[in-house]
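Each chain, written out:
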Amino acid sequence: MAISGRFVLLVLLGVVPVLLLPGWETVLLVSGVLTALAAVDLLAAAPLRTVSLLRTQPGNVTLHAAVDAVLMVRNDGGRRLRGVLRDAWQPSAGAQNAVQDIEVPAGESRRVTVRLRPVRRGDLRAPHATLRSFGPLLLAARQKTIHSPGSLRVLPPFHSRRHLPSKLRKLRELDGKAAVQIRGAGTEFDSLRDYVRGDDVRSIDWRATARRSAVVVRTWRPERDRRVVMVLDTSRTSAARIDDETRLDTGMEAALLLGVLAERGGDRVDFLAFDRRTRARAGSAGQGNLLSQLVQAMAPLEAELIEMDWPAVPAQVRAVSAHRSLVVLLTSLDGGAPEEGLIPVAAQLARQHVVVVAAVRDPQLGTMLGERGDATGVYRAAAAERALLQRAAISAELHQHGVSVVDAEPHQLPPRLADMYIRLKAAGTL
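Residues numbered from 1 in each chain as written. Predicted model: local features only at pLDDT ≥ 70, side-chain atom pairs only at ≥ 80, totals over all residues. Heavy atoms only, no water.

Asks: Help me understand the sheet that holds strand β15 (residues 268–274) in this model?
Replies: Sheet strands line up and pair through hydrogen bonds in the backbone, either parallel or antiparallel. Taking strand neighbours across the sheet as the criterion, the six strands line up as β16-β15-β12-β17-β18-β19 in an open arrangement whose pairing is mixed. Two strands lie at the open edges of the sheet, namely β16 (278–283) and β19 (404–408), each paired on one side alone. This sheet shows a mean twist of 15° between the axes of neighbouring strands, independent of strand direction. Strand direction decides the pairing type here: strand β12 (residues 227–233) and β15, joined by seven bridges, are parallel. Among the inter-strand pairings, L232 is bridged to a residue of β15, identified as A273. Contacting β12, β15, β16 and β17 (325–331), helix α7 (residues 313–320) runs over the sheet at an angle of about 145° to β15. Strands in contact with helix α11 (residues 413–427) are β12, β17, β18 (354–360) and β19; relative to β19, the strand with the most contacts, it is inclined by about 155°. (Pairing = 2+ DSSP bridges. Helix = DSSP H or I, 4+ residues; strand = E, 2+ residues; numbered from the N terminus. Axes fitted to C-alpha atoms, helices over the stretch in contact; angles between N-to-C directions. Contact = heavy atoms within 4.5 Å.)

Asks: What is the right way to look at the pattern of salt bridges in this model?
Replies: Where charged atoms from two side chains of opposite charge approach closely, those side chains can pair. With the rule as written, the count across this model stands at 20 salt bridges. Of the charged contacts in the structure, one is a salt bridge between K170 and D419, with a shortest N-O distance of 3.3 Å. Placement of K170 in helix α3 (residues 164–179) and of D419 in helix α11 is noted, with a sequence separation of 249 residues between them. Take K170: its relative accessible area is 37%, and that puts it in the partly exposed class. Measuring nitrogen to oxygen at the nearest pair gives 2.9 Å for the salt bridge that ties D267 to K425. One end of the pair, D267, is in the loop between α5 (247–264) and β15; the other, K425, is in helix α11, with 158 residues separating them in the sequence. The exposure class assigned to D267 is buried, which follows from its relative accessible area of 5%. (Salt bridge = Lys/Arg side-chain N within 4 Å of Asp/Glu carboxyl O. Buried < 20%, exposed > 50% of the residue type's maximum accessible area, 1.4 Å probe, protein only.)

Asks: Got a minute to help me understand α5 in this structure?
Replies: Because an α-helix completes one turn every 3.6 residues, residues spaced three or four positions apart along the sequence face the same direction. Here α5 is 18 residues long and its end C-alpha atoms lie 26 Å apart, about the 26 Å a rise of 1.5 Å per residue gives. Burial within α5 is extensive, with 15 of its 18 residues counted as buried. At the exit of α5 stands G266, carrying a positive phi of roughly 90°. (Expected span 1.5 Å × (residues − 1).)

Asks: Help me understand a nonpolar patch on the surface, please; the structure alone is not making it clear to me.
Replies: A cluster of nonpolar side chains, contributed by M1, I3, V8, L9, L12 and L13, occupies part of the molecular surface with about 610 Å² of accessible area. Here L13 is to be found in helix α1 (residues 5–20). Residue L13 is classed as exposed on the basis of its relative accessible area, which comes to 53%. (Patch = residues over 30% accessible without salt bridge, like charges linked within 9 Å, V, L, I, M, F, W, Y side chains within 5 Å. Areas by Shrake-Rupley, 256 points an atom, 1.4 Å probe, with all protein chains shown as cover.)

Asks: What is the right way to read the nonpolar core from this model?
Replies: Here is a general trend for soluble globular proteins: nonpolar side chains tend to be buried in one another's company. Residues F271, L301, L326, L417 and Y421 are the most contacted members of the largest nonpolar core, which totals 50 residues. Among the elements that make up this core, the one with the highest residue count is α5 (10 residues). Residues contacting F271, with those up to four places away along its chain left out, are M230, L232, A255, A280, R281, A282, L294, M298 and L301. Formed by 26 residues, the second largest nonpolar core is a distinct cluster that contains A312, V320, V327 and L349. (Core = buried A, V, L, I, M, F, W, Y, C linked by side-chain atoms within 4.5 Å.)

Asks: Would you explain the sheet that holds strand β4 (residues 67–75) in this entry?
Replies: Here three strands make up an open sheet; going across it, the order is β2-β4-β7 and the pairing antiparallel. At either margin of the open sheet sits one strand with a lone partner, and together these are β2 (51–56) and β7 (109–116). Taken over all neighbouring pairs, the strand axes of this sheet differ in orientation by 25° on average, direction set aside. Two elements, β4 and β7, share eight bridges in a ladder whose sense is antiparallel. Across the sheet, residue D68 finds its bridge partner in β7, namely R115.

Asks: In this structure, what is going on with the side chain of R227? I would like to understand it.
Replies: Position of R227 among the secondary structure elements: in strand β12. Of the polar contacts made by the side chain of R227, one reaches the side chain of D270; its length is 2.8 Å. Those residues in contact with R227 that sit more than four places away from it in its chain are R268, D270, V320, S321, S325 and L326. (Polar contact = N/O pair within 3.5 Å; in protein donor to acceptor, adjacent residues only side chain to side chain.)

Asks: Explanation requested: the packing of α7 against helix α8 (residues 342–350) in the structure shown.
Replies: Axes are the key here: two packed helices are described by the angle between their axes and the distance separating the axes. The interhelical angle for the contact between α7 and α8, taken along N-to-C directions, is 30°, at an axis separation of 10 Å. Taken as a pair, α7 and α8 cross one another with a handedness that is right-handed. Facing V313, P314, V317 and R318 of α7, the residues of α8 in contact are V345, Q348 and L349. Among the residues forming the contact of α7 with α8, the class breakdown is five nonpolar, one polar and one charged. (Left-handed = near helix turned anticlockwise from the far one by under 90°. Nonpolar A, V, L, I, M, F, W, Y, C, P; charged D, E, K, R; others polar.)

Scope: geometric values only; no functional claims are made or implied.
Next up, the structure:
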């Protein structure tokens, strides 16, 4: 049972006769009248045992986009249902009209649409919905919570998609260079053509030349069908917020852009989210669109407040690909002890694979360097300088082991990592 604001207002009005005619008789009379009105109104309300709910699952939606959740309210009773429906979505689902007035005639159904605009990535749920059935006086209502589970998967927004056309254009230009026979644009054989002045004599195919009685050269193209393995660090360091998003979300953006670009470039892509165990896995070898697989795998990921198990990473990479691959480690350069974790593992992987470490740099460090107006600012600038020097030292040590490093601010990391992939592909090092 529930009471409405009208009943509260009526109770306040009932105080007036009590003040004018104080006494137990007046109190009992007013209380009796109010109780009788509420009881009659409650008995006249439509029973909720004959009401059922049917939920239509909203499916998937990207972060900050809008989607409709639909509930069908069926009244199988003999009275008209007048009341209120509250759909119990969790607050991060951003339900804009979770509470709605409804009126369902006897034996009919009505459609209730709740507008959702989620503010958090992951799986969001609505375990039930609550119905109130008011009587004709709108003083009291029957109330029932009906189990009607609903779920909504909120996918990463993929803001870095805007960089994809320009990066794909660079890949096409790379293919064009291979067609013009610029040696070094790739190492995978493409075709034969007649020799022209300026061609590298090392590209001459002597067997084809002997058969045709004309000088013929081989042409090359960027390698295809190579393996790209992306390992996303989901340990405690990925929980840090940099700018307006966590390190984990920035790593997802970079992995999405690189994954789609590599697939369009003809390479095979595998994605792995790992800390002490595998949290998610996806790849172009599976069925369906790669982008869809990646966002579905990334959607429920959250940073785990545990240390990264770096010694286990090479085994995870071997389980994905036993051949020479481009291994991208999306992690941090300033968390824990890189000399004991990241650096030796990256060096071990670099003996067989092409390794790239992609890390997010806090833009606040650059801001702090210029704030030297007082003693506090000087100390902050010194701390920022020390942090940047430490990152530079770690990057230099990784370079000594043959590991490439992409260290950029959040909105710059995805395109910078894509550019690194294009440079490696152009150099024929994959």
